[in-house]
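An overview of the molecular structure
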Amino acid sequence: MRVLWVVGFVVQQAAHALPEGSYPYGGWVGEMIDRLATEPDVDLGVVIPAGNSAPQTIRSEQVTYFSLPRKGIFGRDFRKQNCREVLREFRPDILHIQGGEFLHSRTFLKCWEGTNVVELQGILRGHDRHQFGGLTFGIRNRVNDTVNLGTASILVARKKLKFVPRLKAEKTTLRMAGNFVGRTTWDRAHSAAVNPSTPYFVCNRILRPPFYNNKWNIQDIERHSLFIGSASSPLKGAHFALQ
């Protein structure tokens with residue numbers, strides 16, 4: 001079976017050949033690639049967005065990586081011509097879309113008439129009203145310096161220019177899905193709300209080895225410390241931890 005997997009970031013296995021290198025997240029994707037590469041009945045192709053100016057093919061012994069140039073103001077989409085060329089070259093049996101929230105997910109589905117699977121992650125339509133993490137407009141603008149005022153303005157602009165277009169694209173992608181893969185009740189509920197007749201499959205993720213090899217020990221902790229995994233947006237809730 002030939003599976004073409006479209007993901008939203010540069011995976012570690014192909015980073016050596018690309019200008020920006022790999023990203024420090026999505027390690028479970030790399031783990032799944034390594035596992036699938038050992039399956040004799042699976043021919044795997046992986047599509048990744050990158051900063052190169054032209055499409056690039058990176059071949060390993062078991063996996064073929066297709067690096068496509070980003071398109072759009074935030075680099076969230078692919079050109080249809082590039083998508084069609086990849087589909088024509090790899091000839092997949094199944095198109096696996098990783099995440100319906102990416103603009104390029106919709107573009108690939110529009111270029112493909114065969115069997116597809118949309119794997120749900122970070123469903124945008126479910127947290128639209130929570131984008132500012134409970135901060136009201138008055139609180140976001142109750143600032144006393146130019147930097148903070150600029151940050152508040154950027155958050156508002158980011159939602160209007162970046163989030164809203166992706167929200168519309170996600171809705172189209174979910175409606176075009178031939179099959180869903182998810183893990184949670186949240187995933188199941190949103191897939192059923194948008195596309196109730198589409199088959200839904202549960203498939204948990206494989207995490208990176210440190211999650212399985214290391215064990216928490218109270219003797220090794222740094223007392224009176226607080227770890228916040230991400231504070232890239234108010235949605236992550238870091239301000240609640242500080243409060």
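Summarised in this report is the structure supplied together with it. Source: prediction; values computed, not measured.

Procedures and definitions
Residues numbered from 1 in each chain as written. Predicted model: local features only at pLDDT ≥ 70, side-chain atom pairs only at ≥ 80, totals over all residues. Heavy atoms only, no water. Salt bridge = Lys/Arg side-chain N within 4 Å of Asp/Glu carboxyl O. Helix = DSSP H or I, 4+ residues; strand = E, 2+ residues; numbered from the N terminus. Buried < 20%, exposed > 50% of the residue type's maximum accessible area, 1.4 Å probe, protein only. Contact = heavy atoms within 4.5 Å. Polar contact = N/O pair within 3.5 Å; in protein donor to acceptor, adjacent residues only side chain to side chain. Pairing = 2+ DSSP bridges. Axes fitted to C-alpha atoms, helices over the stretch in contact; angles between N-to-C directions.

Before going further, it helps to examine the pattern of salt bridges. With the rule as written, the count across this model stands at 5 salt bridges. A salt bridge links Asp 43 to Arg 2, with the nearest nitrogen and oxygen atoms 3.6 Å apart. On the criterion of sequence distance, the pair formed by Asp 43 in strand 2 (residues 43-50) and Arg 2 in strand 1 (residues 2-6) is long-range, its members being 41 residues apart. The partner of Arg 59 in a salt bridge is Glu 89, with the nearest N and O atoms 2.8 Å apart. On the criterion of sequence distance, the pair formed by Arg 59 in strand 3 (residues 56-59) and Glu 89 in helix 2 (residues 80-90) is long-range, its members being 30 residues apart.

Of all the positions in helix 1 (residues 27-37), only Trp 28, Val 29, Gly 30, Glu 31, Met 32 and Ile 33 are classed as buried. Where helix 1 is buried, its residues meet strand 1, strand 2, strand 4 (63-69), strand 5 (94-98) and strand 6 (115-119).

Here we come to the side chain of Gln 98. Mapped onto the secondary structure, Gln 98 falls in strand 5. The class for Gln 98 is buried, based on a relative accessible area of 1%. Of note is the side chain of Gln 98, whose polar atom sits 3.1 Å from the side chain of Trp 5. In this structure the side chain of Gln 98 is engaged in a polar contact, spanning 3.0 Å, whose partner is the side chain of Gln 121. Dropping the residues within four chain positions of it, Gln 98 is found in contact with Trp 5, Val 6, Val 7, Trp 28, Ser 105, Glu 119, Gln 121 and Arg 205.

With respect to the helices and strands, the residue Thr 173 is situated in helix 5 (residues 146-176). Classification of Thr 173 as buried rests on a relative accessible area of 0%. Ignoring any residue separated from it by four or fewer positions in sequence, one finds Thr 173 in contact with Gly 100, Ser 105, Arg 106, Leu 109 and Val 118.

This part is about the sheet that holds strand 1. Spatial strand order, 3-4-2-1-5-6-7-8: 8 strands in an open sheet with mixed pairing. Of all the strands in the sheet, the pair left with one neighbour each is strand 3 and strand 8 (200-202). The sheet shows a mean angle of 20 degrees between the axes of neighbouring strands, taken without regard to direction. The sheet contact formed by strand 7 (residues 180-182) and strand 8 spans 3 bridges and is parallel. By the bridge assignment, Val 181 is partnered in strand 8 with Phe 201.

The next subject is the environment of Ala 238. Here Ala 238 shows up in helix 8 (residues 238-242). Between the alpha carbons of Ala 238 and Gly 133 there is a distance of 9.0 Å; along the sequence they are 105 residues apart. Setting aside its immediate chain neighbours within four residues, Ala 238 contacts Ile 228, Ser 230 and Ala 231.

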